[in-house]
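Read off the chains here:
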Amino acid sequence: MLEHMNTKLIATSAKLEMNLHKKMAVVKQYSQYWEVRVITQKLFYTKPMCVLYAACLIALFLAGVFWLKQPAAAKNPERGEVTLLARVIEGEAANEPFLGKVAVGAVILNRTKSADFPHTISGVIYQDHAFESVANGQVNRPLSQESIRAADTAMGGYDPTGGSLFFWNPSKPVSPWIWSRNINTEIGNHVFGR
């Protein structure tokens, strides 16, 4: 019986020792964690580091504000071209049907592909005496959603004019030269030709 108790005591002692080793490992692990935490606090929570963090956060905030205040055109140059195209569409064809608005945008885009005109949308639009709406300031009127949609549609490649380079309203005074152009189609109040 004494031998049996001795064996039991040894087994219990071994279990206690094993548990003690496990607990010591856990304590060691936590002490390493606390050491790392203390070192981290000393490194990153000092006054100079707090100032640096604050400066970085302020810089990020200001960059975000600057980005948000940028017009869509500055964030995406293609959107700037769409907006410029929409402005001329609004100025030249505000009272035209949607297809007539798209047609005006298509003429401007067709001109960018022609050797006879500038090769950029802004170059075509601001060419001397090219568009009445630029000359009289109508290009600056508020944009309608329909003109923006028409500009997007034209930029997407839709051309209801059959490749026209010119458009004019025959009820307004125009140069007799314009009638020498080959007429492709009429949409709304505009005639479209090459």
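Small disclaimer: the values here were computed from a predicted structure and weren't measured. Chains are numbered independently. Their residues run from 1 in the order of the written sequence. Local features are withheld for residues below a pLDDT of 70 in this predicted model, meaning they are given only at 70 or higher, and side-chain atom pairs are given and counted only at 80 or more; totals for whole chains, interfaces and linings count all residues. Side-chain calculation: all heavy atoms of the structure are included, whereas hydrogens and water are not.

Enquirer: Hey, could you go over the overall build of the chain for me, with residue numbers and the actual values?
Expert: A run of H or I in DSSP counts as a helix once it spans at least four residues, and a run of E counts as a strand once it spans at least two, with each numbered from the N terminus. When helices and strands are tallied, the chain shows eight helices and three strands. Shown N-terminal to C-terminal, the secondary structure of the chain runs as helices and strands in the order α-α-α-α-α-α-α-α-β-β-β. Exposure is judged per residue with a 1.4 Å probe applied to protein chains only, and the accessible area is read against the type maximum: over 50% gives exposed, under 20% gives buried, and values in between give partly exposed. The proportion of buried residues among the 194 residues of the chain is 27%. Contacts are assigned to residue pairs that have any heavy atoms within 4.5 Å of one another. Sequence-distant contacts in the chain: of pairs separated by 6 or more residues, those separated by 24 or more amount to 62%. We get accessible surface area from the Shrake-Rupley algorithm with a probe of 1.4 Å; when it comes to residues, only the shown protein chains can shield them. Summing over all exposed atoms, the chain offers an accessible surface of approximately 13,400 Å²; the carbon and sulfur share of this is 62%.

Enquirer: Which residues make up a nonpolar patch on the surface, and what are the values?
Expert: Nonpolar side chains (Val, Leu, Ile, Met, Phe, Trp, Tyr) within 5 Å and like charges within 9 Å form the patches, drawn only from residues with over 30% relative accessible area and no salt bridge. Salt bridges are identified by distance alone: a Lys or Arg side-chain nitrogen within 4 Å of an Asp or Glu carboxyl oxygen. On the surface, Val174, Trp179 and Ile183 cluster together into a nonpolar patch covering about 270 Å² of accessible area. Among the structural elements, Trp179 can be located in the loop between strand S1 (166-168) and strand S2 (183-187). Since its relative accessible area comes to 43%, Trp179 is described here as partly exposed.

Enquirer: Explain the pairing of strand S3 (residues 190-193) to me, using residue names and the numbers behind them.
Expert: Covered by surrounding structure in S3 are His190 and Phe192 together with Val191 and Gly193, the residues of both alternating faces. Bridging between S1 and S3 involves three bridges; their strand directions are antiparallel. Across the sheet, Phe166 pairs through a bridge with Gly193, a residue of S3. Criterion used throughout: strands pair if DSSP finds at least two bridges between them. As defined by bridge partners, S2 adjoins S3 across four bridges and the pair is classed as antiparallel. Its bridge partner being in S3, Glu186 is matched across the sheet by Val191.

Enquirer: Give me helix H5 (residues 98-112): which residues, what numbers.
Expert: Expected helix span is computed as 1.5 Å times (number of residues minus one). Taking 1.5 Å per residue, 15 residues should reach 21 Å; H5 reaches 22 Å between its end C-alpha atoms and fits that length. Most of H5 sits inside the fold, with 13 of its 15 residues counted as buried.

Enquirer: So what's going on with the packing of aromatic side chains? Residues and values would help.
Expert: Between the rings of Phe, Tyr and Trp (Trp by its six-membered ring), a pair exists once the centres lie within 6.5 Å; its type follows the angle of the planes, with under 30 degrees stacked, over 60 edge-to-face, and the other angles tilted. In this structure the tally under the stated criterion is five aromatic pairs. Look at Phe167 and Phe192: their rings are 6.0 Å apart centre to centre, the planes differ by 35°, and that puts the pair in the tilted class. Taken together, the positions of Phe167 in strand S1 and Phe192 in strand S3 put the pair 25 residues apart, joining distant regions of the chain. With respect to class, Phe167 is no different from Phe192; both count as buried. What links up through ring pairs into an aromatic cluster is the set Phe117, Phe166 and Trp177. Both a distance and an angle decide whether a charge sits over a ring: NZ of Lys or CZ of Arg must be within 6 Å of the ring centre and within 35 degrees of the ring normal. Between Arg149 and the ring centre of Phe98, over which it is positioned, the NZ or CZ distance is 4.2 Å.

Enquirer: Describe in detail helix H8 (residues 145-155), supporting the description with residues and values.
Expert: Of all the positions in H8, only Ser147, Ala150, Ala151 and Ala154 are classed as buried. For H8, the buried positions fall inside an angular range of 100° around the axis, keeping them on one side. Once H8 ends, the next one or two residues include Gly157, with phi positive near 110°. Each C-beta atom gives one direction from the helix axis, and the arc is the one those directions make.

Enquirer: Hey, could you go over the environment of Gly156 for me, with residue numbers and the actual values?
Expert: Mapped onto the fold, Gly156 is located in the loop between H8 and S1. The spatial distance from the C-alpha of Gly156 to the C-alpha of Ala106 is 9.7 Å, given a sequence separation of 50 residues.

Enquirer: Account for the sheet that holds S1, with residues named and values stated.
Expert: Strand order in the open sheet formed by three strands is S1-S3-S2, and the pairing between neighbours is antiparallel. Whereas interior strands pair on both sides, the edge strands pair on one side only; in this sheet they are S1 and S2. For this sheet, the mean inter-axis angle between neighbouring strands, taken without regard to orientation, is 20°. Contacting S1, S2 and S3, H5 crosses the sheet at an angle of about 30° to S3. A fitted line through C-alpha atoms represents every axis, and for helices the fit uses only the stretch in contact; the resulting angles, taken between N-to-C directions, go from 0 to 180 degrees.

Purely geometric stuff here, so don't read any function into it on its own.
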